[in-house]
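The residues making up each chain are set out below.
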Amino acid sequence: MALITIEQLQLDSRLAGINLTLEAGELLGVIGPNGAGKSSLLECIAGLQAYNGRIELDGQNLNRLHGLQRARRIALLPQRCQSAWALKVADVIALGRLPWGDEDPEPIGQAARQTGVSTWMDARVDHLSGGEQARVWLARVLAGRPDIILADEPLASLDLHYQQRVLELLREHAQLQRGVILSIHDLNLAAHWCDRLLLLDAGRIHAIGTPQQVLTPAALRQVYEIDAEVDFSGRQPLIRVLG
Amino acid sequence: MTPALILLMLLTALASLYVGSTDIAVLDGLWQWLQGTDSAAAIVIGEIRLPRTLLALTVGAALGMSGAALQGLLRNPLADPGLTGASQGAALGAASVFYFGLLPAAGAAAPALAGLIGAAIAMSLMLMLAGPSRQGMVIMAGLAISTLTGALLAAVLNFAPNPFALSELVFWLLGSVSERGLDHLGILLPALLLGGGLIWSQRRLLLGLSLGEQVAQSMGLSYARGSRLIILGAALLVGASVAVAGAIGFVGLLVPHLVRPLVRNRPDRLLIPAALAGAILVCLADIVVRWMPPGRELKLGVLTSLIGAPLFIWLVWQERRKWL
Amino acid sequence: MSRWLCRGICLFGLVIGVAQAAAVRPERVVSLDLCMDRMLARHADPAQVVALSPMHKRFPLPWPLEGWPSHDGSLEQVFALEPDLILVGQHNALMLRKRLQTLQQPVELVILPRTLDEIAAYEGRVLGLIGRSPAEAQPAPRPLQPATNAPRLLLLGPNGIGTGPDTFEDQIIRQAGWRNYLTGVRYERLDLERVVTDPPDAILWSSPDAQALASRFAEHPALQHSVPATGWLPTDNWRWQCPGPWTWDLIEQLRQQLQYSSHNKRMK
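Residues numbered from 1 in each chain as written. Chains lettered and ligands numbered in written order. Predicted model: local features only at pLDDT ≥ 70, side-chain atom pairs only at ≥ 80, totals over all residues. Heavy atoms only, no water.

The name an unreviewed UniProt entry gives chain C is ABC transporter substrate-binding protein, with Marinobacterium marinum as the organism.

Per an unreviewed UniProt entry, chain A goes by the name ABC transporter ATP-binding protein and belongs to Marinobacterium marinum. Quoted straight from UniProt, the Function (unreviewed entry) entry for chain A says "Part of the ABC transporter complex HmuTUV involved in hemin import. Responsible for energy coupling to the transport system." (UniProt positions renumbered as here; feature names shortened; annotations may be inferred.)

Laid out in structure tokens, this is it:
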């Protein structure tokens with residue numbers, strides 16, 4: 001059964017006619033040029049935007065769900081994150097427990113171990129490097145133990161090592177009854193890590209399906225206005241931009 | 001942490017009862033006053049020093065807590081009732097009602113009620129002016145609103161029927177807790193409890209807002225409703241305290257910064273300690289005011305501003321370094 | 001002989017001239033401040049006054065000055081009235097009167113009395129200026145000193161300011177037979193605790209009609225508690241605002257209140 005079902009989603013001029021499902025155990029990648037509506041789509045699912053159409057979570061209308069109920073199941077990892085105050089890492093991760101109204105040390109500790117930030121629990125988050133901070137923000141999301149993570153370009157400003165680590169964690173999360181929607185710019189990583197891809201163009205779905213179905217030279221030319229060579233024959237898919 | 005502050009507050013309050021121009025047995029006086037005796041000691045302690053002390057404590061608590069709430073809500077370490085225009089709005093509302101005898105139905109609470117309305121309007125205008133990019137624009141919008149309300153306040157005092165009104169601009173802008181009776185506490189205390197309760201009910205939102213509006217909302221916290229409640233709570237605190245004691249500047253800025261390191265910078269755990277520390281600070285400042293040679297009473301706000309303004313300058317300096 | 005005659009005629013002419021000058025009644029009098037308004041209201045014929053200062057509307061007398069015109073305090077309006085006498089106290093309307101003087105207007109500076117014995121001369125001067133006989137001024141009574149054990153009176157002003165010795169008000173209080181509660185400096189910011197622990201026998205405080213924080217000191221419950229209601233003397237505030245012949249009435253009023261107060265004390 002689908003975790004999330006989206007029917008005829010519309011958001012003023014940013015999104016139109018979106019139909020989509022997120023299956024259990026799926027890592028769904030959202031790709032598309034800047035301004036295609038990737039963030040807007042995630043914000044609608046996270047309950048940040050008043051949309052038209054219908055989004056269902058396990059067959060329940062998302063709009064009918066109480067904010068806290070929704071937040072316990074769906075967590076958003078925003079594109080840019082910054083703490084206004086010099087909070088300690090432990091307190092930032094504990095923020096993920098807000099929808100539950102507790103500061104249960106068990107999930108907090110587990111999230112810290114998963115993301116490898118346990119050793120900095122008493123450090124101030126603003127003293128960490130960008131890559132280290134990104135892991136703390138992810139730990140915050142994991143501490144809430146949501147079923148669905150909406151990650152908005154979590155790889156931006158990360159070096160190759162941390163990009164791999166974050167993708168591994170998201171892949172690991174997308175199992176059993178859980179799922180991840182990931183907005184991502186790097187098409188090679190998207191093709192390698194995601195089960196399915198959604199290609200957005202100017203607020204509309206251009207293509208949806210397996211990476212091989214979506215990432216065709218024709219689609220890339222149409223949406224990104226580039227000529228690219230696509231090779232799915234190797235161990236890792238390869239998209240090379242020509243000229 | 002909190003128990004230590006409560007103890008410190010009680011000690012400050014006790015010290016405040018001992019400070020005055022006349023030599024009087026404090027505890028005897030207090031006992032006599034409680035028994036309803038009409039001795040000089042009872043009158044000095046019960047009707048002069050005790051109301052003054054309690055008012056300083058409540059006003060300080062209200063300002064400290066509203067400062068902590070506004071800084072948390074606006075995610076700006078410079079937010080303070082004075083710098084966001086709330087204090088001047090409250091002074092405008094309270095003074096209009098006080099000098100012209102408006103809202104007679106509300107009785108003694110009329111200035112506080114008008115102060116609440118004034119503070120709420122000033123803060124709403126400030127938020128509207130600051131727009132969605134709130135964090136950075138708050139201070140500029142606050143400056144605009146506080147300048148406007150300050151000018152309106154001067155105009156109101158100018159046209160007040162009492163010839164001394166205009167010279168009392170100093171009180172409204174600098175504040176004082178001298179020469180007040182216990183009846184003022186009857187207005188301030190409910191406002192403190194109600195306003196503090198509203199803000200306290202939104203402490204989770206304040207914590208969630210550390211990572212931004214988006215994150216707070218994605219965690220199921222209602223920003224629209226919660227921020228309105230926080231503004232209303234802060235308006236209650238600022239409105240009532242300004243109506244009774246004038247705008248005592250920089251307490252709302254200073255106190256949260258002093259307390260923040262003690263609560264690991266968590267905006268939700270800041271609220272109660274900030275209220276306690278505000279009470280201690282204003283009471284201490286008032287003790288110093290009373291220590292000054294008699295004749296020329298230094299306004300309470302002058303003292304708090306002398307402590308607070310350097311901190312403000314330091315914070316601006318910090319902010320500047322952040323952007324360089 | 002002819003020289004003596006000539007001198008005699010000259011002297012006679014001079015005397016007549018002076019007498020005529022004094023008898024010339026100004027018909028277009030303008031006042032620039034409150035105290036001159038009051039003096040005109042007391043002594044002048046309304047027909048000879050073209051305008052009082054706007055101050056008299058802000059600090060009205062208990063009897064109405066209806067029909068008395070007033071100016072708005074502007075140079076333009078005062079000049080346009082074509083006055084033949086402009087009265088102003090020595091501390092008031094500094095800029096306005098300087099401008100009027102440079103425009104050759106008939107400005108007369110009147111020095112206000114600083115002691116009780118100067119009141120008669122002051123009244124006489126104003127009477128002379130408006131064309132009446134200075135001899136009509138009320139003479140000062142014999143100076144009196146209060147008994148050493150006389151009751152103490154506190155003259156309480158706005159913002160908790162009390163009036164001490166070496167002031168005009170202090171002379172009024174003592175002439176009426178009271179001792180002044182304050183013995184320090186001329187004007188003193190009172191300390192509430194000290195007043196409450198050593199309260200005066202009576203307080204003179206005129207509560208304003210409209211609210212102001214300046215009244216907070218006088219309205220403080222501790223002060224109301226330590227001085228009984230009979231100790232709060234009613235007063236005609238206007239009589240305190242300017243010195244003048246009405247000061248004698250004020251002293252008489254205070255003396256009566258003293259007798260009443262002493263009587264009460266004996267009854268106790």
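**Q** Go over the UniProt feature "domain: ABC transporter" (unreviewed entry) in chain A, please, and point to the residues and values.
**A** The positions UniProt marks with the feature "domain: ABC transporter" (unreviewed entry) are residues 1–227 of chain A. Segment residues 1–227 of chain A splits into 35% helix and 26% strand. End C-alpha atoms: 38 Å apart. (Helix = DSSP H or I, 4+ residues; strand = E, 2+ residues; numbered from the N terminus.)

**Q** Tell me about the sheet that holds strand 5 (residues 60–61) of chain A, residues and numbers included.
**A** Strands belonging to one sheet form pairs held by backbone hydrogen bonds; the direction of such a pair is parallel or antiparallel. Residues and elements named next belong to chain A. The four strands lie next to each other as 2-1-4-5, forming an open sheet whose pairing is antiparallel. Only two strands of the sheet have a single neighbouring strand rather than two, namely strand 2 (15–23) and strand 5. Relative to strand 4 (residues 52–57), strand 1 (residues 2–11) runs antiparallel, the two sharing five bridges. The partner of Glu7 across the bridge, within strand 4, is Arg54. Strands in contact with helix 1 (residues 38–45) are strand 1, strand 2 and strand 4; relative to strand 1, the strand with the most contacts, it is inclined by about 120 degrees. (Pairing = 2+ DSSP bridges. Contact = heavy atoms within 4.5 Å. Axes fitted to C-alpha atoms, helices over the stretch in contact; angles between N-to-C directions.)

**Q** Can you explain the domain arrangement of chain C? Please cite residues and give values.
**A** Residues and elements named next belong to chain C. As far as domains go, chain C holds domain 1 (3–136) and domain 2 (152–267). Distance between the C-alpha centres of domain 1 and domain 2: 33 Å. At the interface, 18 residues of domain 1 touch 14 residues of domain 2. Here domain 1 meets domain 2 over a buried area of about 1400 Å², counting both sides, of which 74% is carbon and sulfur. Taken together, the connections running from domain 1 to domain 2 amount to zero salt bridges. Our enumeration of links across domain 1 and domain 2 arrives at three residue pairs in polar contact (both at pLDDT 80 or more). When residues of the side of domain 1 that touches domain 2 are traced back to their parent elements, those giving at least two are helix 2 (34–43) and helix 6 (119–129). By residue class, the composition of the side of domain 1 that touches domain 2 is 12 nonpolar, two polar and four charged. (Domains from an automatic or database assignment. Buried area = accessible area lost by both parts, 1.4 Å probe. Salt bridge = Lys/Arg side-chain N within 4 Å of Asp/Glu carboxyl O. Polar contact = N/O pair within 3.5 Å; in protein donor to acceptor, adjacent residues only side chain to side chain. Nonpolar A, V, L, I, M, F, W, Y, C, P; charged D, E, K, R; others polar.)

**Q** Explain a nonpolar patch on the surface to me, using residue names and the numbers behind them.
**A** Residues and elements named next belong to chain B. Together, Phe100, Leu102, Leu103, Leu113, Ile117, Ile121, Leu125, Met128 and Phe159 line one region of the surface with nonpolar side chains, adding up to about 900 Å² of accessible area. With five residues, helix 5 (residues 110–130) is the single largest residue contributor to the nonpolar patch. Relative to the helices and strands, Leu103 resides in the loop between helix 4 (86–100) and helix 5. (Patch = residues over 30% accessible without salt bridge, like charges linked within 9 Å, V, L, I, M, F, W, Y side chains within 5 Å. Areas by Shrake-Rupley, 256 points an atom, 1.4 Å probe, with all protein chains shown as cover.)

**Q** Any chance you could break down the state of the cysteines for me, citing the residues and the numbers?
**A** Applying the stated criterion across every chain yields a total of one disulfide over all chains. Cysteine Cys44(A) is unpaired, with the sulfur of Cys81(A) as its nearest cysteine sulfur at 20 Å. (Disulfide = S-S within 2.5 Å.)

**Q** Now, about the environment of Asp23(B): what can you tell me, with residues and values included?
**A** Residues and elements named next belong to chain B. Its place among the elements puts Asp23 in the loop between helix 1 (2–18) and helix 2 (26–35). Assessed through its relative accessible area of 82%, Asp23 is described here as exposed. Measuring from C-alpha to C-alpha, the distance between Asp23 and Ala41 comes to 9.1 Å, with 18 residues separating the pair along the chain. (Buried < 20%, exposed > 50% of the residue type's maximum accessible area, 1.4 Å probe, protein only.)

**Q** Describe the sheet that holds strand 3 (residues 27–31) of chain A, and please don't skip the residues or the numbers.
**A** Residue and element names in this part refer to chain A. Spatial ordering of the open sheet is given by 6-7-8-3-9-10, a layout of six strands whose pairing is mixed. Edge positions in the sheet fall to strand 6 (74–77) and strand 10 (204–209), since each of these pairs with one other strand and no more. Looking at each pair of strands side by side, their axes are set apart by 15 degrees on average, direction ignored. Direction of pairing for strand 7 (residues 148–152) relative to strand 8 (residues 179–183): parallel, over a ladder of five bridges. The residue bridging Asp152 from the neighbouring strand is Ser183, located in strand 8. Contacting strand 3, strand 6, strand 7, strand 8 and strand 9 (196–201), helix 1 runs over the sheet at an angle of about 150 degrees to strand 7.

**Q** Explain the environment of Leu200(A) residue by residue, including any values.
**A** Residues and elements named next belong to chain A. Positionally, Leu200 belongs in strand 9. Overall, the relative accessible area of 0% leaves Leu200 in the buried class. Between the C-alpha atoms of Leu200 and Gly35, which are 165 residues apart in sequence, the distance is 9.4 Å.

**Q** Which residues make up helix 1 of chain A, and what are the values?
**A** Residues and elements named next belong to chain A. Counting buried positions along helix 1 gives seven out of eight residues, so the element sits mostly inside the fold. For helix 1, the complete set of buried residues consists of Lys38, Ser40, Leu41, Leu42, Glu43, Cys44 and Ile45. Phi turns positive, to about 85 degrees, at Gly47, one or two residues after helix 1.

**Q** An account of the interface of chain B and chain A is needed here, citing residue identities and associated values.
**A** Interfaces are often described in size by the accessible area the parts lose on coming together. Across the contact, 23 residues belong to chain B and 29 residues belong to chain A. Overall, the association of chain B and chain A removes approximately 2300 Å² of surface from exposure, summing both partners, and the carbon and sulfur fraction of that is 60%. Broken down residue by residue, the surface that chain B buries against chain A is led by Leu211(B), Met219(B) and Arg264(B), which jointly contribute 28%. Here chain B and chain A share four salt bridges between them. Ionic pairing is found between Arg266(B) and Asp91(A), a salt bridge with its closest N-O pair at 3.0 Å. Taken together, the links from chain B to chain A amount to eight residue pairs in polar contact (both at pLDDT 80 or more). Of all elements in the fold, only helix 3 (40–74), helix 9 (203–208), helix 10 (213–218) and helix 13 (267–291) of chain B reach the threshold of two or more residues within the side of chain B that touches chain A. Among the elements that take part in the side of chain B that touches chain A, helix 10 of chain B stands out by supplying four residues, more than any other.

**Q** Can you tell me about the interface of chain C and chain B, naming the residues and giving the values?
**A** Opposite the 24 residues of chain C that make contact, chain B presents 30 residues. Across the interface of chain C and chain B, roughly 2500 Å² is buried in total on both sides, 59% from carbon and sulfur atoms. Of all residues in chain C, the largest losses of buried area upon contact with chain B belong to Glu193(C), Leu213(C) and Arg216(C), amounting jointly to 27% of the total for that side. Counting across the interface, chain C meets chain B through 11 residue pairs in polar contact (both at pLDDT 80 or more). Among the elements that line the side of chain C that touches chain B, the one with the most residues is helix 8 (residues 192–197) of chain C, at five residues.

**Q** I'd like a description of helix 3 of chain B, backed by residues and values.
**A** Residues and elements named next belong to chain B. Along its 35 residues, helix 3 runs 49 Å from first to last C-alpha, staying within 8% of the 51 Å computed at 1.5 Å per residue. Of all the bends in helix 3, the greatest, near 35 degrees, is centred on Arg49, and the proline Pro51 appears no more than four residues after it. Taken across its 35 residues, helix 3 has 33 buried, putting it largely inside the fold. Two residues or fewer past helix 3, Arg75 is found with a positive phi of approximately 50 degrees. (Expected span 1.5 Å × (residues − 1). Bend = angle between axes of the 7 residues up to and from the residue.)

**Q** Requested: an account of the packing of aromatic side chains, with residues and values cited.
**A** Each aromatic ring pair is described using two quantities: the centre-to-centre distance and the angle formed by the ring planes. Residue and element names in this part refer to chain B. Taken as a whole, this structure holds seven aromatic pairs over all chains when the rule is applied. With a centroid separation of 5.0 Å and an interplanar angle of 80 degrees, the aromatic rings of Phe98 and Tyr99 are classed as edge-to-face. According to the relative accessible area criterion, Phe98 is buried, its value standing at 7%. Given the relative accessible area of 2%, Tyr99 is considered buried. Relative to Trp172, the ring of Phe98 lies with its centre 6.4 Å away and its plane at 65 degrees, an arrangement referred to as edge-to-face. You can see Phe98 sitting in helix 4 and its partner Trp172 sitting in helix 7 (residues 169–174), a full 74 residues away along the chain. No difference in accessibility class separates Phe98 from Trp172, as the two residues are buried. The rings of Phe98, Tyr99, Phe171 and Trp172 are connected pair by pair, giving a single aromatic cluster. (Phe/Tyr/Trp six-rings, centres within 6.5 Å; stacked < 30°, edge-to-face > 60°.)

**Q** Requested: an account of the pairing of strand 5 (residues 152–155) of chain C, with residues and values cited.
**A** All names here are of chain C. Of the two faces of strand 5, the one carrying Arg152 and Leu154 and the one carrying Leu153 and Leu155 are both buried. Pairing of strand 5 with strand 7 (residues 179–180) involves two bridges; the strand directions are parallel. Residue pairing for strand 7: Leu153 is matched across the bridge by Asn180. Across three bridges, the pairing between strand 5 and strand 9 (residues 202–204) is parallel. If you follow Leu155 over to strand 9, its bridge partner there is Leu204.

**Q** With reference to specific residues and values, describe the environment of Ile74(A).
**A** Within the element layout of this structure, Ile74(A) appears in strand 6. For Ile74(A), a relative accessible area of 1% translates into the label buried. Taking the C-alpha atoms as reference points, Ile74(A) and Arg165(A), 91 residues apart in sequence, are found 21 Å from one another. In contact with Ile74(A), not counting residues within four places along its chain, are Ile4(A), Ile45(A), Leu57(A), Leu62(A), Pro146(A), Ile148(A), Leu150(A) and Ser218(B).

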